[in-house]
Amino acid sequence: MPRMTAFNTLPLKPALLASVETLGYSEMTPVQAQSLPAMLEGRDVIAQAQTGSGKTAAFGLSLLQSLNAETIRLQALVLCPTRELADQVSKAIRKLAANIPNVKLLTLCGGMPLGPQLASLTHDPHIVVGTPGRVQEHLKRGSLHGGGIKVLVLDEADRMLDMGFSEAIDDIVGRIAKHHQTLLFSATYPDDIREVSKRVQRNPVEIIVEAPVETKPAIEQQFIDVDPARKLDALAQLLTGEGGQHALVFCNMRRDVDAVAEELDRRGFSALALHGDMEQRDRDEVLVQFANRSCAVLVATDVAARGLDITALPLVISYDVAHDPDTHVHRIGRTGRAGQTGLAIALCTPREKPKAANIEEALGRPLPWHPLKVAQPRGKTLHLAPMKTLVIDAGRQDKLRPGDILGALTGDAGLKADDVGKIDVFATRAYVAVNRSLANKALERLRAGKIKGRNFRVRALH
Ligand code: AMP
């Protein structure tokens, strides 16, 4: 009996089955098994799929199945959020198309000069893989013709929306053949993805693949005996080790949070304090900087750290032993990343031993005590975070979108997309992380140039 997950159970062209075999795919992945039958029937599909799920081969096989290589016309369009992804997708589709003669595929992305793209468009390709802004531009100019498109793929649709490509996508859909199949892939399903699906899809088949049961992340715990007078030295020493580039430090009291952050800052760490006495705006700024990697060490109280939506930190340190076992368990739950071990360290002075004993009792096993030989501090060396945050005094109220900021930085300001990190747009302000070594250059260029055709005030944080 044939296995239901074998590719040859699908009505695929022999040339495609041959490619699948050459690539060594013996069985369909869950996303492929669920989406391919509907896609090959010509249905619209919306699928929740992560990178690594095999989604590229799923839509790649589907669009190649309906492709007629003898007709010189654009028949399939794949939109991706970034150039890197577009390159990967192009490569994957080329491999799947290896046994179909004369398939012409073109990658069209922003940030690349337009001239060579125009030159290669003198004959229509069969397949275009590209980023929405650039594809839209070609369709508008008439250098690309969408009238024969049979399949439109929106890959990583959630990221495209995050990057402000929603309008470009709508515009593209309005410029291509009315009757086409739309395949939408997204890692997450927020409301705006459902909205896009409603606008651009017809009665789509919905596919949600259960995420594989996550193996519990491994957390290594350490309790370290320290002399109260050497606590800060011990902390600084631990932070210069592995994980110190993105670490969360807990103090039991607000005033210690400030003092510890200041002292770390004095010693050359990109450290910030977070506690409940701060203004909301300042707290937002700290959270943004920690999440976008402009701040290496966040020193916080337990209550304030609840606002932090990061749980996969490499290193969590209790500068003070938690008052109760529950709090301790919450703290260590902030570390432990899939596939990698997280480290949770508690510094314990002799006076804190009773609290440690409580935790031991609650955990029901002996605490893992480790010695730490605290070295003399070696003067000031720098332990800076990899990124720096720029603040733009404009936000959603000014219709500013992440894509506008990315565009200004990679366009006029001359940065590469890889040098730009997380972009957070609030109602009246926006934050963008840029590679620390390029922060001054980016700031100067943003001040001199325009964002969305307008001049906004821009400054660097810290
Ligand atoms: P993707 O989720 O599209 O980024 O694909 C992740 C990886 O899985 C790629 O390296 C593909 O070559 C590979 N892959 C896709 N489909 C299969 C399959 N049916 N069997 C084994 N590997 C696959």
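All values reported here derive from a predicted model rather than from experimental measurement. (Residues numbered from 1 in each chain as written. Predicted model: local features only at pLDDT ≥ 70, side-chain atom pairs only at ≥ 80, totals over all residues. Heavy atoms only, no water.)

1. Some thoughts on the packing of aromatic side chains
All told, the structure shown has four aromatic pairs when counted by the stated rule. Between Phe 7 and Tyr 25 the ring centres are 6.4 Å apart and the planes differ by 35 degrees, which places this aromatic pair in the tilted class. One end of the pair, Phe 7, is in the segment before α1 (14–22); the other, Tyr 25, is in the loop between α1 and α2 (30–40), and 18 residues separate them in sequence. With a relative accessible area of 36%, Tyr 25 lands in the partly exposed category. (Phe/Tyr/Trp six-rings, centres within 6.5 Å; stacked < 30°, edge-to-face > 60°. Helix = DSSP H or I, 4+ residues; strand = E, 2+ residues; numbered from the N terminus. Buried < 20%, exposed > 50% of the residue type's maximum accessible area, 1.4 Å probe, protein only.)

2. As for the site of the ligand
What surrounds the ligand is a group of 13 residues, the closest being Tyr 25, Glu 27, Gly 52, Gly 54 and Thr 56. A distance of 2.7 Å is found between an oxygen atom of the ligand and a backbone nitrogen or oxygen belonging to Gly 54. A distance of 2.5 Å is found between an oxygen atom of the ligand and a side-chain nitrogen or oxygen belonging to Thr 56. Burial of the ligand by the surrounding chains reaches 64%, relative to a free accessible area of 500 Å². Across the shell around the ligand, the residue classes tally to three nonpolar, eight polar and two charged. (Near = heavy atom within 4 Å. Polar contact = N/O pair within 3.5 Å; in protein donor to acceptor, adjacent residues only side chain to side chain. Areas by Shrake-Rupley, 256 points an atom, 1.4 Å probe, with all protein chains shown as cover. Nonpolar A, V, L, I, M, F, W, Y, C, P; charged D, E, K, R; others polar.)

3. Let's talk about the side chain of Arg 267
On the secondary structure map, Arg 267 appears in the loop between α11 (254–266) and β10 (271–274). On the basis of relative accessible area, Arg 267 is assigned to the buried category, the value being 18%. There is a polar contact of 2.8 Å between the side chain of Arg 267 and the side chain of Asp 233. Side-chain polar atoms of Arg 267 contact the side chain of Glu 263, separated by 2.9 Å.

4. Comments concerning the nonpolar core
Residues Leu 79, Leu 154, Ile 392, Ile 405, Leu 409 and Val 432 are the most contacted members of the largest nonpolar core, which totals 49 residues. Both domains that meet at this core, namely domain 1 (7–210) and domain 3 (387–460), each give it at least three residues. Beyond its immediate chain neighbours, meaning those up to four positions away, Leu 154 contacts Leu 79, Met 160, Ile 169, Leu 183, Leu 184, Phe 185, Val 196 and Val 200. Ranked by size, the runner-up nonpolar core spans 41 residues in total, among them Phe 7, Met 28, Ala 38 and Ala 97. (Core = buried A, V, L, I, M, F, W, Y, C linked by side-chain atoms within 4.5 Å. Domains from an automatic or database assignment. Contact = heavy atoms within 4.5 Å.)

5. Section: helix α9 (residues 191–200)
Within the sequence span of α9, burial applies to Ile 193, Val 196, Ser 197 and Val 200. Projection of α9 onto a plane perpendicular to its axis shows the buried side chains occupying an angular sector of 100 degrees, all on one side. What points out from α9, more than 90 degrees from its buried face, is the exposed set Asp 191 and Lys 198. Of the surrounding secondary structure, the elements contacted by the buried residues of α9 are β1 (45–48), β5 (151–154), α7 (157–162), α8 (166–175) and β6 (181–186). (Arc of directions from axis to C-beta.)

6. Comments concerning the pattern of salt bridges
Scanning the model with the defined rule gives 27 salt bridges in all. In this structure, Glu 156 engages Lys 55 in a salt bridge whose closest nitrogen and oxygen atoms are separated by 3.5 Å. With Glu 156 in the loop between β5 and α7 and Lys 55 in helix α3 (residues 55–65), this pair connects stretches of sequence that are 101 residues apart. There is no split in this pair, since Glu 156 and Lys 55 are both buried. Among the ionic contacts, a cluster of salt bridges with common partners joins Arg 230, Asp 233, Glu 263, Arg 266 and Arg 267. (Salt bridge = Lys/Arg side-chain N within 4 Å of Asp/Glu carboxyl O.)

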